[in-house]
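# Reading the structure
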Amino acid sequence: MMNILIKTGVLLGLMLTTALTVHSVQAKENTTPLEQQLVNKFTEANYSKKGADTCLMCHKKSQSVMAIFNTPHGDTNKGPMAGLQCEACHGPQGKHKGKNEPMLTFGDELSVEGRNSVCESCHSQEHTPFHDQACTDCHNIHQAQLAVEQPQAQCANCHMQQESAQFKRSTHLDNLVCSDCHNPHEEAPLAVNDTCYSCHAEKRGPALWEHSPVVEDCTLCHNPHGSVNDNLLNSRAPQLCQSCHNQAGHPGDVHSSLDGFTQGQSCMNCHSKIHGSNHPSGHLFEK
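Everything numeric here is computed off the predicted structure, so don't read it as measured data. (Residues numbered from 1 in each chain as written. Predicted model: local features only at pLDDT ≥ 70, side-chain atom pairs only at ≥ 80, totals over all residues. Heavy atoms only, no water.)

On to the overall build of the chain, then. Looking only at helices and strands, one finds 13 helices and four strands in the chain. Within the chain, the fraction of its 287 residues that count as buried is 31%. Long-range contacts, defined as pairs at least 24 residues apart, comprise 55% of the intrachain contacts of the chain with a sequence gap of at least 6. Of the roughly 18600 Å² that the chain leaves accessible, carbon and sulfur atoms contribute 56%. (Helix = DSSP H or I, 4+ residues; strand = E, 2+ residues; numbered from the N terminus. Buried < 20%, exposed > 50% of the residue type's maximum accessible area, 1.4 Å probe, protein only. Contact = heavy atoms within 4.5 Å. Areas by Shrake-Rupley, 256 points an atom, 1.4 Å probe, with all protein chains shown as cover.)

Now the structure itself:
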């Protein structure tokens, strides 16, 4: 069994070395001595004979280290912990005992590409669109399972403006989480309208009379994260409508008059089928 683990370790080491070495060659001028030392360790593949047992001789008192055993990555019957265990991700121990040599801690000691190459030896996904981020910027495999099930907090670390929308008058974030609309690992994200239609199917066309901005992009009128206006509108009608339409055909100044043009649903008091109409007389979206 030990021979099998050692052979597996060498194979994984070679896979990781290839990815790490390619990056090292491409960014040779920017490679730090510490990064080069870590790359060399993967190349040498000097793994310990007792796996995690060797690591836990020093690290078993650390709650953050031991937390991995409450996660899928800590399953000793399958996954990384069933093979090279801690060293499957942190690299060969080599002469690390007593801190004589560094280990990969997934901090800034190694480039983003180098860190991701370790994760991608098992996982093929990357952040989309890729923003020069490491997998560990969002994921902590030592994290307790309960925390892993709350990904919204991870998104808020970068997307603070979108996160703050939950405090606005109208928001999707009362009932939805980021992953309901966004897949951070998706290679080809859905078009905005297709994402909206997954919940708002009644707004999907084709309609006999189509409203051009509706067909083009829902966000021309709506802010999906949150708005101070009802129905997630970017601004209130009639101002929103008049960003495209002038006042022609309507008496008075609808910006200043308090009448049927501004009260209640404003323009939608008459043009109630604003997303599109299938009525023969609905070319003005009134029916």
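Let's pick the thread back up.
What follows concerns the environment of Ser198. Along the polypeptide, Ser198 turns up in the loop between helix H11 (192-197) and strand S2 (209-210). The class for Ser198 is exposed, based on a relative accessible area of 58%. Sequence separation of Ser198 and Asp180 is 18 residues, and the distance between their C-alpha atoms is 9.8 Å. Reaching out from Ser198, the side chain makes a polar contact with the backbone oxygen of Thr195 at a distance of 2.5 Å. (Polar contact = N/O pair within 3.5 Å; in protein donor to acceptor, adjacent residues only side chain to side chain.)

Which parts of space are left empty comes out when a probe the size of a water molecule is rolled across the atoms. Going through the model one piece at a time under the given rule, you end up with one cavity of 30 Å³ or more. Within this model, the largest cavity holds a volume of roughly 50 Å³. Looking at the largest cavity, the residues that line it are Ile68, His73, Pro80, Met81, Gln85, Cys86, Cys89, His90, Ile141 and His142. Classifying every residue of the lining of the largest cavity by side-chain character gives six nonpolar, four polar and no charged. (1 Å grid on protein atoms, 1.4 Å probe; cavity = no way out; pocket = protein on both sides within 12 Å on 5 of 7 lines; lining within 4 Å. Points joined across faces, edges and corners; volume = space filled by probe spheres on them. Nonpolar A, V, L, I, M, F, W, Y, C, P; charged D, E, K, R; others polar.)

A separate point is the environment of Gly205. The topology assignment puts Gly205 in the loop between H11 and S2. Residue Gly205 is classed as partly exposed on the basis of its relative accessible area, which comes to 41%. Residues Gly205 and His275 lie 70 residues apart in sequence; the distance between their C-alpha atoms is 9.0 Å.

Over its 12 residues, helix H2 (residues 33-44) extends 16 Å from the first C-alpha to the last, a length consistent with the 16 Å expected when each residue adds 1.5 Å. Of all the residues in H2, the buried ones are Glu35, Leu38, Val39, Lys41 and Phe42. Projected down its long axis, H2 carries its buried residues within an arc of 155°, all on one side. Across from the buried face of H2, at angles greater than 90 degrees, the exposed residues are Pro33 and Glu44. (Expected span 1.5 Å × (residues − 1). Arc of directions from axis to C-beta.)

What follows concerns the nonpolar core. The biggest cluster of nonpolar side chains holds nine residues, and these are Leu38, Phe42, Cys89, Leu104, Phe106, Leu110, Val118, Cys119 and Cys135. Broken down by secondary-structure element, the contributors of at least two residues to this core are H2 and helix H6 (112-119). Not counting chain neighbours up to four residues away, the residues in contact with Leu104 comprise Leu38, Phe42, Cys89, His90, Glu109, Leu110, Arg115 and Val118. (Core = buried A, V, L, I, M, F, W, Y, C linked by side-chain atoms within 4.5 Å.)

Moving on, we get to unusual backbone geometry. Negative phi characterises most residues that are not glycine, and trans characterises most peptide bonds. Pro206 follows Gly205 through a cis peptide bond whose omega is 0°. You can see Pro206 is positioned in the loop between H11 and S2. The residue after Ala237, namely Pro238, is reached through a cis peptide bond having omega 10°. Within the secondary structure, Pro238 is located in the loop between strand S3 (226-227) and helix H13 (239-242). Phi at Leu232 takes a positive value of approximately 60°, unusual for a residue other than glycine. Residue Leu232 is classed as buried on the basis of its relative accessible area of 9%. If you check the backbone angles, Ser266 has positive phi at about 55° while not being a glycine. Mapped onto the secondary structure, Ser266 falls in the loop between H13 and strand S4 (276-277).

What follows concerns a negative patch on the surface. Taken together, Asp108, Glu113, Asp132 and Asp137 make up a surface patch of like negative charges. Relative to the helices and strands, Asp108 resides in the loop between helix H5 (86-90) and H6. (Patch = residues over 30% accessible without salt bridge, like charges linked within 9 Å, V, L, I, M, F, W, Y side chains within 5 Å. Salt bridge = Lys/Arg side-chain N within 4 Å of Asp/Glu carboxyl O. Lys, Arg positive; Asp, Glu negative; His and termini not counted. Charge placed at Lys NZ, Arg CZ, Asp CG, Glu CD.)

Of all the residues in helix H3 (residues 52-59), the buried ones are Ala52, Thr54, Cys55 and Leu56. In the core, the buried residues of H3 are packed alongside helix H4 (63-66) and H5.

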